[in-house]
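# Structure at a glance
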4 protein chains.
Amino acid sequence: MNNNTFGTAFCLTTFGESHGAAIGGVIDGCPAGILLDKALIEKELSRRKPGQNATMSTRKEPDEVELLSGLFEGNTTGTPIAFVIRNKDAKTSDYENIKDVFRPSHADFTYQEKYGIRDYAGGGRGSARTLLPCVVAGAIAKQILALQDIEIQSNVIQIGEERSAGFSNDDIERILSRFREEKDTVGAVVQGIVKNAPVGIGEPAFQKFHAVLAHAMMNINAAKGFEIGEGFNAARMRGSECNDEFYYDGERIRTRTNHSGGVQGGITNGEDIVFNVAFKPIPSVMLPQKTVDIHGNEKVLEIQGRHDVCVVPRVIPMIEAMAAMVTLDFVLLKKCNKM
Amino acid sequence: MNNNTFGTAFCLTTFGESHGAAIGGVIDGCPAGILLDKALIEKELSRRKPGQNATMSTRKEPDEVELLSGLFEGNTTGTPIAFVIRNKDAKTSDYENIKDVFRPSHADFTYQEKYGIRDYAGGGRGSARTLLPCVVAGAIAKQILALQDIEIQSNVIQIGEERSAGFSNDDIERILSRFREEKDTVGAVVQGIVKNAPVGIGEPAFQKFHAVLAHAMMNINAAKGFEIGEGFNAARMRGSECNDEFYYDGERIRTRTNHSGGVQGGITNGEDIVFNVAFKPIPSVMLPQKTVDIHGNEKVLEIQGRHDVCVVPRVIPMIEAMAAMVTLDFVLLKKCNKM
Amino acid sequence: MNNNTFGTAFCLTTFGESHGAAIGGVIDGCPAGILLDKALIEKELSRRKPGQNATMSTRKEPDEVELLSGLFEGNTTGTPIAFVIRNKDAKTSDYENIKDVFRPSHADFTYQEKYGIRDYAGGGRGSARTLLPCVVAGAIAKQILALQDIEIQSNVIQIGEERSAGFSNDDIERILSRFREEKDTVGAVVQGIVKNAPVGIGEPAFQKFHAVLAHAMMNINAAKGFEIGEGFNAARMRGSECNDEFYYDGERIRTRTNHSGGVQGGITNGEDIVFNVAFKPIPSVMLPQKTVDIHGNEKVLEIQGRHDVCVVPRVIPMIEAMAAMVTLDFVLLKKCNKM
Amino acid sequence: MNNNTFGTAFCLTTFGESHGAAIGGVIDGCPAGILLDKALIEKELSRRKPGQNATMSTRKEPDEVELLSGLFEGNTTGTPIAFVIRNKDAKTSDYENIKDVFRPSHADFTYQEKYGIRDYAGGGRGSARTLLPCVVAGAIAKQILALQDIEIQSNVIQIGEERSAGFSNDDIERILSRFREEKDTVGAVVQGIVKNAPVGIGEPAFQKFHAVLAHAMMNINAAKGFEIGEGFNAARMRGSECNDEFYYDGERIRTRTNHSGGVQGGITNGEDIVFNVAFKPIPSVMLPQKTVDIHGNEKVLEIQGRHDVCVVPRVIPMIEAMAAMVTLDFVLLKKCNKM
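Calculation notes
Residues numbered from 1 in each chain as written. Chains lettered and ligands numbered in written order. Predicted model: local features only at pLDDT ≥ 70, side-chain atom pairs only at ≥ 80, totals over all residues. Heavy atoms only, no water. Contact = heavy atoms within 4.5 Å. Buried area = accessible area lost by both parts, 1.4 Å probe. Salt bridge = Lys/Arg side-chain N within 4 Å of Asp/Glu carboxyl O. Polar contact = N/O pair within 3.5 Å; in protein donor to acceptor, adjacent residues only side chain to side chain. Pairing = 2+ DSSP bridges. Helix = DSSP H or I, 4+ residues; strand = E, 2+ residues; numbered from the N terminus. Least-squares fit on C-alpha atoms with pLDDT ≥ 70 in both. Phe/Tyr/Trp six-rings, centres within 6.5 Å; stacked < 30°, edge-to-face > 60°. Buried < 20%, exposed > 50% of the residue type's maximum accessible area, 1.4 Å probe, protein only. Axes fitted to C-alpha atoms, helices over the stretch in contact; angles between N-to-C directions. Expected span 1.5 Å × (residues − 1).

## Let's talk about the interface of chain A and chain B
One frequent convention defines the size of an interface as the accessible area lost when the parts assemble. Contacts between the two partners involve 106 residues from chain A, matched on the other side by 106 residues from chain B. In this assembly, chain A packs against chain B so that about 8400 Å² is buried in total across both faces, 59% of it on carbon and sulfur atoms. Our enumeration of links across chain A and chain B arrives at six salt bridges. For B:Lys114, the salt bridge identified is with A:Glu203, shortest N-O distance 2.9 Å. The interface formed by chain A and chain B contains 50 residue pairs in polar contact (both at pLDDT 80 or more).

If you want it as structure tokens, here you go:
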């Protein structure tokens, strides 16, 4: 099954394990004739790079992307764009001690049960690092969307108990360093916004815009919740307060409020698409944890190595990337709605 | 595009509009040799039937399902199972007055913009009624899962501001009648549980169990949020409290807590799969609302007709149906993980 | 698996058995805003109707199609178009005698082995009658293609040992009546042509125009061979004679010859798309045949009932229908090649 | 669209152009726990290597495959297996002269028309070299099939006017050298056989075994025809001679003849699967040819460089590879037919 493929018209297939030779992807369906700026891809990747500050994994990865196909003199040709990112700082020996032990709330146990075999080094295919190809594809999608003035933004709006309309990087670092000191980790909520979203994209009944967006976001490591517009808050509301009144602004039909988050009936209405994604704390705490090994024997695990304290800030470009891919996908699919 | 198809191995294609001739579906990939109990399908449909009490739509629909194919002497044959449910109490004339008017927070505007044409009667394809085929397919999936002792349950845990571990039908009716009196509607949260879930189902990277489940749930009309396990609450937690400790119970490896909601790394770990879905208030409030017509002219809308006050209780069999379909799909897909 | 779905952008899901309640289909992805002429659908169906002359099955089927969804005031709305054709003259008792016997070169044995159960009446899902929904979908595709002046044609070019540039219906009837008298059946070759085909449709590497066309045609019952352009004859040729020289006709680039059959590298070049499909003789001969039953016991089978002598002329609308679906599919997909 | 993906359960996505940085692929859905022999992959690739004798392209490509993911200590892990083959002997300058000229019966014109841009070096994505990833995936599929004693074989049965039950390599070389001397090329027919094929694989209605096999084969460069069993010859036959009589051999039900080519109703019957693929002559003849350039101006083209005289023998491992992939795919899919 192509379970490692995401998207319908603009679709990405990813591959690679945390400590294998390389990770990478193949983008199929990228429209032809678009001049890509490789620097913008690298810029997005650098936002996800580890080791940028004290609360991040200290793994040193240059994360250089090599584009292998699908481009001619810098332009997309309509054929698949393949790319690889080599794993450089991959010390499999770091993980010898967890070879037979299941880290709590990691995917070690479930991979082992599912496949009867697993690449334990660095979490193998379950590692968040394996999402890097999405950042590459997202960076390309962003460039194409930018041609239509569509922009993807994001904000950290919650870390642990603290909420804000948007934390600065310094805020995030300050909060996280406290958890780092306590050898613990913490959860977060990130808000994503598609600005200047087109009207009429999303494909009911089963490829509703927000349903596919939820699917995309929940695929991100550690994601545990998704909401669009008012989300869970809508459950508290009355119809008379939650409904978005239509009006005509002189150019087009708009809504005065945006409780819907830009989507009605699974199709965008031209307002900003606003959604939140909740993440659990990273399970790699530095405190001792009880668990079992592959044979069911009790073990006390002390995780070593290089780990983030929280998915933010490194998850941010991932969220934007997935949102960009989903949006571009639906922009393309819309072309088939009429002759 | 087969945007009206859901599922990979066990897959359902739906069709139909609220006030057209019929709604229905085709199930492709149902395993052969299973004796189906049609009464169990009808039982699920009856749970979704309108007009059961004062806060529900008074539309009278017998909702009789006719099975057209894929069965031989009551057994599945492995070929597509098609079925239709005729629309009987479909008065298109009821909707003449909204023919050119966009109801706030309904899909009228977005369908019109997307396709340049829409079937306005009863919301057309955007109507919640079009989800009925999912209930049929879910009822079949439930029967197959039951052969492996897998069971789907659900509970209403929030209506408006009121929260509970599980409301009774009388509780629900009491709460909703208050909103009905005020000509208003209200949101809700429903919890779903897959009991006795198998280990090792879900297909990373992009068909993670909870990602596909989110996709399924967000396709349900009025759904605005999804969470698995601790969900949004996980954002407040520390790793040391959110992690699920492994232990061996003498038969198999279990977790002492279930903050994960039964899924780790997108693959089930054998614990209950627990998830919540948040719904906005039904947008058909009986109060006058400002809006515009198809030409952008301001209008005051007074919705007539037969509408629910809240998605609960009628959405409950829908949630169970989608959960059953997703679970069965992954049970089948797992067969291909090894030779 | 949606193995009963064909097409990517314009896609058809079919269902139904020869002697079940009904056969039918769901078309997903039909562009919105197209006024359909139902009479043209019925006209295509009538071309496939049995009992039109002495060498055809005498089964009496009115083959009335009921459109259930996806249309509003006669126009496509972009939502799924579902339809059913009821089986009327379905006498299951006619097939009691072959309930446990495998008819040679029919699909009885393989269905039984695959699924462990089969609907034996009239060949069940294996019957050519189950292709009728393709004729409906093809009739719709033809109407949409006609808006761009694209037309599908076909010719019988071989029956048994006799070859011709195109047999008339009288020719066909004359030839076939000879085999009917001898209680035997015979094979045939049909040529299909897409006239006024657009340039640039077909999606390499794996959805090449002629590869998908071959896939479509080989799905038709009794099809054993497919060729495009020179086909098998090309194996005899030299490059210097088989190559199609390009020239400019004052308006566009053309080829002087069309050995390629309108496709180069899997993409159409704007010349007529010309292909042949070879069919084996219908296996239901009226002569006694040796075979075995479900337990492996030897049996002598004498097929009764109502059978065609040859797939032509009834297969012709099927070929055209599949060609129309494939062509329209690729016309839609091409929209996504550029922004 | 994932048009560069082939297969459902065992699926391959390919990328790369003839003269780009690399070609390669991603295999998704390879069952876990299989020890792969890389030498067998290299052996298959070496069968396709150019420059092995006088009638082949003299391009020097080491064609070393690097496996990037999906393996752990030599075993498949169930995660995607990605691989790259670097293009080494890629002189883009060789193709400067055809930059603006359309080679007759090549894909230059159609790619240009479709995408508005093309990588002209070596035929870009249209080059037969881009099929090399299929050989890698096929070599892996063969290893897995071998575990069930399923074997893929092939024979050249026709070159130009000469036919044989199977040409030796020396025969082929002798025949081809004559065309090479005349600066011309020639077509061929290759027969493929799946030995020891399992019963009950293939998924009607639209994923019939032979339909998908036809699809696979027609995707191979220069393929113009496909037939299974008697193929086009079946059109000449009577039912009484073409039908395959069933008998019981003491162990299982067999057919005395195999006119069907191992497939009935789109499902395998356990006999050898026998099919033929017809190829046109390679269009790169060394003789001068009339054509036009991108602006429609008449040109005389004299193709230089390194070209094969015929698709055989180099196409043979491709045919086997595609047959192996299709067979393995259906073996996996069959697992879902029953619970």
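## Side note on the sheet that holds strand S4 (residues 65-67) of chain D
Residues and elements named next belong to chain D. If you trace the five strands from one edge of the open sheet to the other, you get S1-S2-S3-S7-S4, paired in antiparallel fashion. At either margin of the open sheet sits one strand with a lone partner, and together these are strand S1 (5-6) and S4. As defined by bridge partners, S4 adjoins strand S7 (residues 81-86) across three bridges and the pair is classed as antiparallel. Within S7, the position partnered with Leu67 by the bridge is Phe83.

## Brief notes about the relation of the copies chain A and chain B
Between chain A and chain B, the superposition needs a rotation of 180° and an axial shift of 0.0 Å, giving an RMSD of 0.0 Å. When the rotation and shift are considered jointly, the pair of chain copies conforms to a two-fold rotation axis.

## Re the relation of the copies chain D and chain A
The two copies are related by a screw motion: chain D maps onto chain A through a turn of 180° and a shift of 0.0 Å along the axis, at an RMSD of 0.0 Å. Here 100% of the contact residues of chain D are again contact residues in chain A; the copies associate through an equivalent surface.

## With respect to the packing of aromatic side chains
Enumeration over the complete set of coordinates arrives at 34 aromatic pairs over all chains. Ring centres of A:Phe109 and B:Phe246 lie 5.3 Å apart, and the angle between their planes is 55°; this geometry places the pair in the tilted category. Residue A:Phe109 is found in helix H2 (residues 108-115), and its partner B:Phe246 is found in strand S12 (residues 246-248); the two belong to separate chains. Its relative accessible area of 3% is what places A:Phe109 among the buried residues. Accessibility expressed as a relative area gives 2% for B:Phe246, which makes it buried. Ring geometry for A:Tyr120 and D:Phe72: centres 5.3 Å apart, planes at 75°, overall edge-to-face. One end of the pair, A:Tyr120, is in the loop between H2 and helix H3 (132-146); the other, D:Phe72, is in strand S5 (residues 71-72), on a second chain. For A:Tyr120, a relative accessible area of 5% translates into the label buried. Given a relative accessible area of 14%, D:Phe72 falls into the buried group.

## Some remarks on the pattern of salt bridges
Using the criterion set out here, one finds 75 salt bridges over all chains in the structure. Where A:Asp184 meets B:Arg238, a salt bridge forms, and the shortest distance between an N and an O atom there is 3.4 Å. Residue A:Asp184 is found in the loop between helix H4 (169-181) and strand S10 (188-195), and its partner B:Arg238 is found in the loop between strand S11 (223-228) and helix H6 (239-242); the two belong to separate chains. When the shortest N-O distance is used, the salt bridge between D:Glu61 and D:Arg129 registers 3.6 Å. With D:Glu61 in the loop between helix H1 (38-47) and S4 and D:Arg129 in the loop between helix H2 (108-115) and helix H3 (132-146), this pair connects stretches of sequence that are 68 residues apart. Of the residues examined, D:Arg129 reaches a relative accessible area of 7% and is grouped as buried. Shared partners join several salt bridges into a network, and the residues in it are A:Glu44, A:Arg47, A:Lys142 and A:Glu320.

## Here we look at the interface of chain D and chain A
On the chain A side, the residues contacting the 43 residues of chain D number 43 residues. Of the roughly 3300 Å² buried between chain D and chain A on both sides combined, carbon and sulfur atoms contribute 62%. In terms of surface lost to chain A, no three residues of chain D exceed D:Met1, D:Leu68 and D:Phe72, which account for 20% of the buried area on that side. On the surface where chain D and chain A come into contact, there are two salt bridges. Remark: the boundary between chain D and chain A carries 14 residue pairs in polar contact (both at pLDDT 80 or more). Looking at the side of chain D that touches chain A, the elements with two or more residues in it are strand S2 (11-16), strand S3 (22-28), strand S6 (75-76), S7 and H2 of chain D.

## Topic: unusual backbone geometry
With omega at 10°, the peptide bond leading from C:Pro204 into C:Ala205 counts as cis. With respect to the secondary-structure elements, C:Ala205 resides in the loop between strand S10 (188-195) and helix H5 (209-218). At D:Asp149, a residue that is not glycine, the phi angle is positive and equals roughly 65°. Along the polypeptide, D:Asp149 turns up in the loop between H3 and strand S8 (151-159). Given the relative accessible area of 56%, D:Asp149 is considered exposed.

## Description of the side chain of A:Thr13
The topology assignment puts A:Thr13 in strand S2 (residues 11-15). Taking relative accessible area as the criterion, A:Thr13 reaches 3% and is therefore assigned buried. At 2.7 Å, the side chain of A:Thr13 and the side chain of A:Thr5 are in polar contact. Contact partners of A:Thr13, with chain neighbours within four places excluded, come to A:Asn4, A:Thr5, A:Gly24, A:Gly25, A:Val26, D:Thr13 and D:Val26.

## A closer look at the sheet that holds strand S16 (residues 273-279) of chain A
Strand order across the open sheet formed by ten strands is S9(A)-S8(A)-S10(A)-S16(A)-S11(A)-S11(B)-S16(B)-S10(B)-S8(B)-S9(B), with antiparallel pairing between neighbours. Strands at the two margins of the open sheet, each flanked by one partner only, are strand S9 (162-163) of chain A together with strand S9 (162-163) of chain B. Here five bridges tie S11(B) to strand S16 (residues 273-279) of chain B, and the two strands are oriented antiparallel to one another. Directly across from B:Glu227, in S16(B), lies its bridge partner B:Asn276. Strands in contact with H4(A) are strand S8 (151-159) and S9 of chain A; relative to S8(A), the strand with the most contacts, it is inclined by about 40°.

## Some words on helix H3 (residues 132-146) of chain C
Counted at 1.5 Å a residue, the expected span for H3(C) with its 15 residues is 21 Å, and the 21 Å between its end C-alpha atoms agrees. With 14 of 15 residues buried, H3(C) is to be regarded as a mostly interior element.

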